[in-house]
Amino acid sequence: MKRTGLLQIGNRNGFTLLEIMVTIAVLSILAAVGVISYSKMAAVTELEKDVLTVYKELTSLKTLVMKFDKQTKAVFGSKRVIIDKFTKSDTLKLQTPVTFDNAATGPSTTPFGQTIATGSGGKGLWKDSLVVHRDALCSIDSGYVLMSSSKVKSVTYYLGVSGKYQGIQLYKWTGGSWVKH
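Sequence order as written defines the numbering, with residues in each chain counted from 1. Local features in a predicted model are, by the rule used here, given only for residues with pLDDT of at least 70; side-chain atom pairs are given and counted only at 80 or more, and totals for whole chains, interfaces and linings are based on all residues. The basis for every side-chain value is the complete set of heavy atoms in the structure, and neither hydrogens nor water enter the calculation.

(A) Seen up close, the overall build of the protein. A run of H or I in DSSP counts as a helix once it spans at least four residues, and a run of E counts as a strand once it spans at least two, with each numbered from the N terminus. Within the protein, the regular secondary structure consists of one helix and twelve strands. The helix and strand sequence of the protein, counted from the amino end, reads β-β-α-β-β-β-β-β-β-β-β-β-β. Whether a residue is buried, partly exposed or exposed follows from its accessible area with a 1.4 Å probe, protein chains only, as a fraction of its type maximum: under 20%, in between, or over 50%, in that order. For the protein, buried positions account for 36% of its 181 residues. The contacts in the protein between residues at least 6 apart in sequence include a share of 47% that link residues at least 24 apart. Counting only carbon and sulfur atoms, one obtains 60% of the accessible surface of the protein, whose full area is about 11,200 Å². Residues are treated as being in contact if the distance between any of their heavy atoms lies within 4.5 Å. The protein chains shown are the only cover counted for residues, whose accessible areas, like all others here, come from Shrake-Rupley with a 1.4 Å probe.

Here is the structure:
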């Protein structure tokens, strides 16, 4: 091996500036993809938490109607759902601004094949509120409400009652089909 001063020709120790820059560029791209994926996952989790909170409260309304023997209702708003619980009104504050309609890239039909009009957030008496009646079955008006978030364009939730089933059903649209939740 030939020596010239402090440098050794043919034997390299360390990395060149170009190698270090390429490594940093690749790591930066991977970090950016990770941050975007994490923020989308966090937004989906917030929306799902809000939907499950609303679902839990709406399914408990039948029990309240039986207990107090009175009709009740839930009113839908962009950042809250107000539920009349007879002794007081409960306001469910949602973590993210939830739109009670389908996302721009959302479904065109409900899980039961009903056509969803563009910009429609609900059907029948569910357009603005849900009513649980004081009758033998504590029946709930047929209808539905769709919940989505501007942060998550590809996910829409369906909370509704079809005429055949008197329990509130929950479905999730993930861009291709409805999945029972």
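(B) Region of interest: the nonpolar core. In these notes, a set of buried Ala, Val, Leu, Ile, Met, Phe, Trp, Tyr and Cys residues joined through side-chain atoms within 4.5 Å is what counts as a nonpolar core. Ranked by size, the top nonpolar core spans 24 residues in total, and within it L58, L61, Y157 and L159 carry the most contacts. Contributions of two or more residues to this core are made by α1 (17–68), β3 (72–76), β4 (80–84), β9 (143–149) and β10 (152–161). Here this core takes nine residues from α1, the largest share from any one element. Grouped together as the second largest cluster of nonpolar side chains are seven residues, I116, Y144, W173 and W178 included.

(C) Local environment of the side chain of K172. Within the secondary structure layout, K172 lies in strand β11 (residues 169–173). Owing to a relative accessible area of 18%, K172 belongs among the buried residues under this scheme. Residues contacting K172, with those up to four places away along its chain left out, are E48, V155, T156, Y157, S177, W178, V179 and H181.

(D) Fine view of α1. With 52 residues, α1 should reach 76 Å at 1.5 Å per residue; the first-to-last C-alpha distance of 76 Å fits that figure. In this analysis the local bend is the angle between axes fitted, respectively, to the seven residues ending at and the seven residues starting at the residue. At K62, α1 is deflected by roughly 30°, the largest bend along its length. Those residues of α1 not exposed but buried are A43, V44, L47, D50, V51, V54, E57, L58, L61, L64 and V65. One or two residues past the end of α1 sits D69, with phi positive at roughly 55°. The length a helix should cover is 1.5 Å for every residue beyond the first.

(E) Highlighting the pairing of β3. Alternating positions in β3 separate cleanly, T72, A74 and F76 being buried on one face and K73 and V75 remaining unburied on the opposite face. When β3 meets β4, the two strands line up antiparallel, connected through three bridges. Bridge pairing in β4 places V75 opposite I82. A pair of strands is considered paired only if DSSP assigns at least 2 bridges between the two.

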